[in-house]
Each structure stands twice: as structure tokens, then as C-alpha cells.
Amino acid sequence: MPHGARACKRWDRTAQGDTTNRRPSRSFGSADICLVSTTPIDQVLAHLRLQRVDVEEGPVPRTGALGPMESVYIRDPDGNLIEIASYGAAAAGP
């Protein structure tokens, strides 16, 4: 559901599909959060690796509320899925 510069996605308990639905610890009430960064996604990925954060997937192309973007997916300590997205390179085009 787009809301201007934001989008709201609702996942049901039986959904199947991409990373946002392949949760090994999926439980009702858990969160899937998307953070938009102005930092290029390759720099985000380098920083996550430097901090020894396990990256579940990415970078991968996605479509956000503002159009094409690139995303990486990580988990917080509670198992919530965190998407870090950047419109940087994707917004610039080929």
C-alpha cells in the first residue's frame, strides 16, 4: 500500500515468497522493517561486514515506495527482519 514516500506491506501467516517471508523464526507479531539509507548500498554492505553482521541476502534489486532501489537484509537480536535500502545507484539508472 503506497502512502506518498512510504509503503506499508502486510504479510499473512501463510505467505510464501522472497526473503521477507522466509523467516526461520517467523512468529505472529514480529516485525519486518525497512530503513532507507542515503549511503550507497555497497558502502552499507562493507560497514555491516566490518561489524561482523550476518547478511541474510543482498544486495538485491527491489521496488520501494519511490521506485527502484537496492536492499540488504539482516536480523536484529530478536529475529526481526531488517531491510536496509538505498535508492542511490538504482535511482541513477544504468
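Data block above holds the structure.
Basis of the calculations
Residues numbered from 1 in each chain as written. Predicted model: local features only at pLDDT ≥ 70, side-chain atom pairs only at ≥ 80, totals over all residues. Heavy atoms only, no water. Core = buried A, V, L, I, M, F, W, Y, C linked by side-chain atoms within 4.5 Å. Buried < 20%, exposed > 50% of the residue type's maximum accessible area, 1.4 Å probe, protein only. Helix = DSSP H or I, 4+ residues; strand = E, 2+ residues; numbered from the N terminus. Pairing = 2+ DSSP bridges. Axes fitted to C-alpha atoms, helices over the stretch in contact; angles between N-to-C directions. Contact = heavy atoms within 4.5 Å.

Trainee: Break down the nonpolar core for me, with residues and values.
Mentor: Within the largest apolar cluster, eight residues are counted, these being Ile41, Val44, Leu45, Leu48, Val72, Ile74, Ile82 and Ile84. Broken down by secondary-structure element, the contributors of at least two residues to this core are helix H1 (41-50), strand S5 (67-75) and strand S6 (81-86). Looking at which element gives the most residues to this core, the answer is H1, with four residues.

Trainee: Explain unusual backbone geometry to me, using residue names and the numbers behind them.
Mentor: With an omega of 5°, the peptide bond running from Gly58 to Pro59 counts as cis. Tracing the chain through its elements places Pro59 in strand S4 (residues 57-64). Its identity as a non-glycine residue notwithstanding, Arg52 has a phi of 60°, on the positive side. Checked against the element boundaries, Arg52 lands in the loop between H1 and S4.

Trainee: Run through the sheet that holds S6, naming residues and quoting values.
Mentor: Sheet architecture is open: four strands sit in the order S3-S6-S5-S4, paired in mixed fashion. Because the sheet does not close on itself, it has two edges, and the strands there are strand S3 (32-36) and S4. Neighbour-to-neighbour, the strand axes of this sheet turn through a mean angle of 35°, independent of strand direction. Against the sheet, H1 makes contact with S4, S5 and S6, and its axis sits at roughly 5° relative to S5, the strand it touches most.

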